[in-house]
Amino acid sequence: MLLNADEQSRIVEMAWEDRTPFEAIENQFGLNEQAVIRLMRNHLKSSSFRLWRKRASGRKTKHLMLRSAKVTRGYCPTQYKQR
């Protein structure tokens, strides 16, 4: 699947977000977790990729099956501020 620069940028942004599960990325862009990891490896500096992997690996909210029922949305209310 070919993604344009805007789509790649959005996937990277979603992957960094703590509350956005990999399943949401797959539903929206058709990339499973392994494909997202490959994309992140290719688009980030190696040190940034290591930081992201450490962060994403420790987050139960990155997988729908592991997240608490208390997490009812995929983003923080202040994340998308209106201009």
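As the structure is a computational prediction, the values presented were derived from the model and not from experiment.

### Observations concerning helix α2 (residues 22-29)
Those residues of α2 that fall on the buried side of the exposure criterion are Phe22, Ile25 and Phe29. The buried residues of α2 occupy an angular sector of 60° when the element is viewed end-on, so they sit on one face. Turned more than 90 degrees away from the buried face of α2, the exposed residues are Asn27 and Gln28. In the core, the buried residues of α2 are packed alongside α1 (5-16), α3 (33-43) and α4 (46-57). With its phi angle positive at about 80°, glycine 30 sits one or two positions after the end of α2.

### Things to note about the nonpolar core
Membership of the largest hydrophobic core comes to 18 residues, with the highest contact counts inside it found for Ile11, Ile25, Leu31, Val36, Leu39, Met40 and Trp52. Elements with a minimum of two residues in this core: α1, α2, α3 and α4. Per element, the largest residue contribution to this core is five residues, and it comes from α3. Not counting the four nearest positions on each side in its chain, valine 36 is found in contact with Ala15, Phe22, Ile25, Leu31 and Trp52.

Basis of the calculations
- Residues numbered from 1 in each chain as written.
- Predicted model: local features only at pLDDT ≥ 70, side-chain atom pairs only at ≥ 80, totals over all residues.
- Heavy atoms only, no water.
- Buried < 20%, exposed > 50% of the residue type's maximum accessible area, 1.4 Å probe, protein only.
- Helix = DSSP H or I, 4+ residues; strand = E, 2+ residues; numbered from the N terminus.
- Arc of directions from axis to C-beta.
- Contact = heavy atoms within 4.5 Å.
- Core = buried A, V, L, I, M, F, W, Y, C linked by side-chain atoms within 4.5 Å.

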